[in-house]
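Coordinate inspection notes
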Protein chains: 2
Amino acid sequence: MSIQTLRKKIADCQNPTVAGLDPDFSKLPSFLCRQAIERYGKTLEAAADAVWQFNKAIINALCDIVPAVKPQAAYYELLGWPGMRALSETIAYAHQKGLFVITDGKRGDIGTTMSAYARAHLGTVEVDGSILTPFGADALTINAYLGSDGVLPALEVCKARDTCIFVLGKTSNPSSGEIQDKLVDGEPVYAMLGDLCEHWSQMAEGGTSLLSLSANKGRYGMVGLVAGATYPSQLAELRQKLPHTFFLVPGYGAQGGGAKDVAPAFDENGDGAIINSSRAILYAWQKEQCDERDFAGAARREALRMKENLNAVLQNR
Amino acid sequence: MSIQTLRKKIADCQNPTVAGLDPDFSKLPSFLCRQAIERYGKTLEAAADAVWQFNKAIINALCDIVPAVKPQAAYYELLGWPGMRALSETIAYAHQKGLFVITDGKRGDIGTTMSAYARAHLGTVEVDGSILTPFGADALTINAYLGSDGVLPALEVCKARDTCIFVLGKTSNPSSGEIQDKLVDGEPVYAMLGDLCEHWSQMAEGGTSLLSLSANKGRYGMVGLVAGATYPSQLAELRQKLPHTFFLVPGYGAQGGGAKDVAPAFDENGDGAIINSSRAILYAWQKEQCDERDFAGAARREALRMKENLNAVLQNR
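Described in the following lines is the structure provided in the data block. (Residues numbered from 1 in each chain as written. Chains lettered and ligands numbered in written order. Predicted model: local features only at pLDDT ≥ 70, side-chain atom pairs only at ≥ 80, totals over all residues. Heavy atoms only, no water.)

Both copies of the chain are related through a single rotation about an axis accompanied by a shift along the same axis. Turning chain B through 180 degrees and shifting it by 0.0 Å along the axis lays it on chain A, with an RMSD of 0.0 Å. The transformation relating the two chain copies, once decomposed into turn and shift, fits a two-fold axis. A symmetric contact is evident, with 100% of the interface residues of chain B recurring at the interface of chain A. (Least-squares fit on C-alpha atoms with pLDDT ≥ 70 in both. Contact = heavy atoms within 4.5 Å.)

Written out as structure tokens, the structure reads:
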């Protein structure tokens, strides 16, 4: 699925929210862990099964109100290969429920190795004529510190399967400035990455001008940017500077960003960005102090609150 | 295992080579693929089994002449969760054969997410009191574009398990300069990352001075740097500037770097760096045009040639 499909799903739901699936086994409702350990013992398989049961319930609770989910690869890798199997099952189930899936892997390598990452997460692999899908997400986050050699091979995979990437620009964490804010010829590094995203989208369109990108396929290209909710003025600056770059905005909720902070990420049509919330939705039952067995209901209530807050701010701009 | 153990293994082998395990299923000896498909059908399990059989033979052929192997995570992810199982089996087998294992994952995230990556690859996870090892490597490559928030959580894991990280500085690819060579206050970004490595090693030692790092634990800290063989003058500059930072040097062999190019990575004792070669060793049978069933023998012959070439240059400096 492409950025254009994601935009359509956002419009259909009237909700520019992506729910992060960052399930830390040690924080899951205890009944899920107990059930999994009864079945598989004190193993990685048990932990991965608890994560998978948790995700399934969260997806069921959210699939008619959010357009997308974003599994965070680290929490699946933490559970070894059974965790990676849970990632693959989660993505397949999310697709079955009509959701757009962004794997947050922040991958970055070069040449054939980058192509392997992109095929792993966004494409296919051939085994003696059989075409297989290793993980099958619609989008992958990318760390472009290695330059174009780390992005163009991924775009080849995206073009073949109509998938997309989000390149890290300005991340939401306190120390993001150590490298990203440094000035290069008077411009911060994150803004240079933003410019490169516009350039890479253009190249992916076959080198035609960005104007034709706009005329032919809608305004937004295949290369999105990660720009954090915790830096609203940089968000505003990037939105103005990068008219063809769709934003993935982390840092809402648990990391401190609010609906007003993310408003500058959107264009004048309320398009052009999707806001991530992970912990605030996943662990809403803890904040609500409701029965842990109602974790999915609490997640849905929190996601609905977030939708309302975002729409209130967007409508009153 | 720590950087100090790696240095000891290098000295014992008299060989500063790490053999990259980047097994692209489509390039493996055909008899291995046929055997695996006979056993598992045209599946990801088959591809992962061929990779595992290949790695086992390569490890058997190299374990008495190289100190370390470096599996490239992308090629395992490409085969989905069965590929990740092959990664875990490969690491366990390499340890059994006494090798130091660097997982080349170029991971980078923040806070608890970065901690999850580090525990996945370098640490342990607890399931109801049971301490489990998801992948269990000795070192992990890290992309530090997110700053200290993406490094310090990994160092906490390293301290607990005596493992280490290598931060991307100057990578070996042609487009590395797009971001890494940009000047910040007159200094390139890659050199700034190098300075940060010295700083992070110092912090990991509990904030004592680098002098005490040198006095107490040998000259090299827990945070190494990736610096490419294809940029020898930058290698020389970094070696002089970063006396406590061990280098992982990619780009030898297939990417064009030779023994003379990597010589500047070493200190005056011939210590301080390890040189990676992946494709030239793994696919040596193709270059030799020998029987594909002798792929492991060809890999050993190529690794011995590389050892000779490196030692010749190091002894004649």
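Resuming the write-up.
Residue and element names in this part refer to chain B. A barrel is described by the order of its strands in space; here eight strands give the closed sequence β1-β2-β3-β6-β7-β10-β11-β12, paired in parallel fashion. The average undirected angle you get between the axes of adjacent strands in this sheet is 30 degrees. With two bridges connecting them, strand β2 (residues 68–71) and strand β3 (residues 100–107) associate as parallel partners. Each residue of the ladder has a partner; that of V69, found in β3, is V101. Strand contacts of helix α15 (residues 295–315): β1 (17–21) and β12 (273–277), with the helix running at about 145 degrees to β12, the strand carrying the most contacts. (Pairing = 2+ DSSP bridges. Helix = DSSP H or I, 4+ residues; strand = E, 2+ residues; numbered from the N terminus. Axes fitted to C-alpha atoms, helices over the stretch in contact; angles between N-to-C directions.)

Here the focus is the sheet that holds strand β1 (residues 17–21) of chain A. Residue and element names in this part refer to chain A. Read around the closed barrel, the eight strands follow the order β1-β2-β3-β6-β7-β10-β11-β12; overall the barrel is parallel. Mean inter-strand twist for the sheet, computed between neighbouring axes without regard to direction, equals 30 degrees. Summarising the sheet, strand β10 (residues 223–227) and strand β11 (residues 247–249) pair through two bridges and their orientation is parallel. Bridge assignment links V226 to a residue of β11, and that residue is L248.

In this section: helix α9 (residues 189–204) of chain B. Residues and elements named next belong to chain B. Along its 16 residues, α9 runs 22 Å from first to last C-alpha, staying within 8% of the 22 Å computed at 1.5 Å per residue. Of all 16 residues in α9, twelve are buried, a share of seventy percent or more. Within α9, the full set of buried residues consists of V189, Y190, A191, M192, L193, G194, L196, C197, E198, W200, S201 and A204. G206 occupies a position one or two residues after α9 and carries a positive phi of about 85 degrees. (Expected span 1.5 Å × (residues − 1). Buried < 20%, exposed > 50% of the residue type's maximum accessible area, 1.4 Å probe, protein only.)

Counted under the stated rule, the structure contains 16 aromatic pairs over all chains. For the ring pair A:Y283 and A:W285, a centre distance of 6.0 Å and an interplane angle of 65 degrees mean the geometry is edge-to-face. Take A:Y283 and A:W285: they sit in the same class, and that class is buried. The lysine or arginine in question, A:R85, covers the ring of B:W81, its NZ or CZ lying 5.1 Å from the ring centre. Taking NZ or CZ as reference, B:R293 lies 4.2 Å from the ring centre of B:F31, over its face. (Phe/Tyr/Trp six-rings, centres within 6.5 Å; stacked < 30°, edge-to-face > 60°. Lys NZ or Arg CZ within 6 Å of the ring centre and 35° of its normal.)

By the definition in use, this model includes 42 salt bridges over all chains. Note that A:D195 is salt-bridged to A:K241, the shortest N-O span being 3.1 Å. Taken together, the residues span a long stretch of sequence, with A:D195 in helix α9 (residues 189–204) and A:K241 in helix α11 (residues 232–241) at a distance of 46 residues. For A:D195, a relative accessible area of 31% translates into the label partly exposed. On the accessibility criterion, A:K241 (31% relative accessible area) is partly exposed. Between B:D267 and B:R219 there is a salt bridge; the shortest N-O distance is 4.0 Å. Here B:D267 is found in the loop between α12 (259–262) and β12, whereas its partner B:R219 is found in the loop between α10 (210–217) and β10 (223–227), with 48 residues between them in sequence. Taking the relative accessible area as the measure of exposure, B:D267 reaches 6% and is therefore buried. Several salt bridges converge on common partners, so that one network encompasses A:E288, A:D294, A:R301, A:E302 and A:R305. (Salt bridge = Lys/Arg side-chain N within 4 Å of Asp/Glu carboxyl O.)

The interface is formed by 67 residues belonging to chain B together with 67 residues belonging to chain A. Interface area lost by chain B to chain A is led by B:W81, B:Y145 and B:I179, which between them contribute 15%. Between the two partners, chain B and chain A, sit six salt bridges. Linking chain B to chain A there are 37 residue pairs in polar contact (both at pLDDT 80 or more). With seven residues, helix α6 (residues 111–122) of chain B is the single largest residue contributor to the side of chain B that touches chain A. Of the residues that constitute the side of chain B that touches chain A, the class distribution is 34 nonpolar, 20 polar and 13 charged. (Buried area = accessible area lost by both parts, 1.4 Å probe. Polar contact = N/O pair within 3.5 Å; in protein donor to acceptor, adjacent residues only side chain to side chain. Nonpolar A, V, L, I, M, F, W, Y, C, P; charged D, E, K, R; others polar.)

The next point concerns unusual backbone geometry. All names here are of chain B. Positive phi outside glycine occurs at D128, with the angle close to 50 degrees. Mapped onto the fold, D128 is located in the loop between β4 (125–127) and β5 (130–132). Judged by its relative accessible area of 46%, D128 falls in the partly exposed class. One non-glycine residue, D185, lies in positive phi territory at about 50 degrees. Mapping D185 onto the fold places it in the loop between β8 (183–184) and β9 (187–188). Exposure remark for D185: the relative accessible area of 80% places this residue in the exposed category.

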